[in-house]
Amino acid sequence: YHLQMRQTERLRALGELASGVAHNFNNALTIIQGRIGLLKARATDETTLRSLDIMHKVTQDAANIVKRIQDFARVREGDSDFERLDLSQLVQETIEATQPRWMHRSGKSSIHVTCQAPLPVFILGNPTELREVVTNLLFNALDAMPTGGEIIINVYQQGDVAKLVVRDTGTGMSEEVKKRIFDPFFTTKGKQGTGLGLSVSHNIVSRHRGRIEVESEPGRGTTFFLTFPLAPVSLTQTLMTAPPLPALPS
Ligand code: ADP
Ligand code: MG
């Protein structure tokens, strides 16, 4: 619990820093764009106009980058965006959506993905965020299996919680790596990695009042265990599964 708290706080601090920088950067961009507009209105020769057009396009790109930072930094509060959803279905859909990333791998590096999610498991959550978590776990598993392997995914209900387990037969990780995987920007993938997948996922899972745990063995593989509270039983479900009322005495 403590570790999770520290993680959430760190990410929030990072988010605040990023959104502060983004805000100031945006102000500067607005001024630059305004000036470009003024100059364009007055420019007469072709070369100057072309340059100003390019400058305008590039500041637009910069504005889009800032927007991405702001989206990332927005640490949502509360759960007003949560909806009742079937975790089994969400996981199956996400696996399907990520298929292009592993389907074409064949021969020695072929990937075999199995998903066991036979029953609906209802939780309250933000589907976009949860799909992001599943995608991050799948992509990490794929990255850990450059010479092929298996990914096994299970979704089920256990007592009063929903469980999502993602297991791979990849490289696994050392204790030192395992300790740091949820740190923002920690990556062992050099330029290929951002080190944000798991820290963002951790943050999302916390926001859903869930837990994310990992077991890993170098050379054998890695398993991520996610736990979420179940959605309260809905009224329609209660009506459908409740025993019939005793007949009224006539
Ligand atoms: P990135 O994928 O950009 O490196 P992540 O936050 O998604 O960032 O992961 C952080 C690190 O955790 C990875 O660089 C890798 O070392 C380790 N890791 C995550 N998932 C796995 C996995 N399934 N198998 C082995 N190592 C993993
Ligand atoms: Mg990743």
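Numbers given to residues run from 1 along each chain, matching the order in which its sequence is written. Lettering for chains starts from A, numbering for ligands starts from 1, and both go in the order in which the items are written. Reporting of local features is limited, given that this is a predicted model, to residues whose pLDDT is at least 70; pairs of side-chain atoms are given and counted only at 80 or more, and all residues count toward the totals for whole chains, interfaces and linings.

Q: Help me understand the site of ligand 1, please; the structure alone is not making it clear to me.
A: For ligand 1, the set of nearby residues contains 23 residues, the closest of which are N140, T187, G193, G197 and L198. Broken down by secondary-structure element, the contributors of at least two residues to the shell around ligand 1 are α4 (127-143) and α6 (197-207). Split by residue class, the shell around ligand 1 holds eight nonpolar, 13 polar and two charged. Note on definitions: a residue is near a molecule or strand provided its C-beta atom, placed from the backbone, lies within 6 Å of it. Helix numbering and strand numbering both begin at the N terminus, where a helix is a DSSP run of H or I of at least 4 residues and a strand a DSSP run of E of at least 2. Residues are grouped as follows: Ala, Val, Leu, Ile, Met, Phe, Trp, Tyr, Cys and Pro are nonpolar; Asp, Glu, Lys and Arg are charged; all remaining types, including Gly, are polar.

Q: Can you help me understand the sheet that holds strand β6 (residues 211-217) in this one?
A: Pairing between the strands of a sheet comes from backbone hydrogen bonds, and it takes one of two forms, parallel or antiparallel. One requirement defines pairing of two strands: DSSP has to find at least two bridges between them. Pairing is mixed across the open sheet formed by five strands, whose spatial order is β2-β4-β5-β7-β6. Each having just a single partner strand, β2 (111-116) and β6 make up the two edges of the open sheet. Each neighbouring strand pair of the sheet contributes to a mean axis angle of 10°, computed without reference to strand direction. Judged from the six bridges that link them, β2 and strand β4 (residues 149-158) form a sheet pairing that is parallel. Note on β4: the bridge partner recorded for I111 is G149. Most of the contacts of helix α3 (residues 87-98) go to β4, to which it runs at about 165°, and overall it touches β2, β4, β5 (161-168) and β7 (221-229). Comment: axis = line fitted to C-alpha atoms, over the contacting stretch for helices; angle = value between 0 and 180 degrees taken between N-to-C directions. The contact criterion used is a C-beta to C-beta distance within 7 Å, with each C-beta placed from the backbone.

Q: Honestly, the environment of S88 in this entry has me stumped. Any pointers?
A: Its location among the elements puts S88 in helix α3. Sequence spacing of S88 and R101 is 13 residues, and the spatial spacing of their C-alpha atoms is 21 Å. When residues no more than four places from it in sequence are discounted, the contact partners of S88 are A117, L119, P120, V121 and V155.

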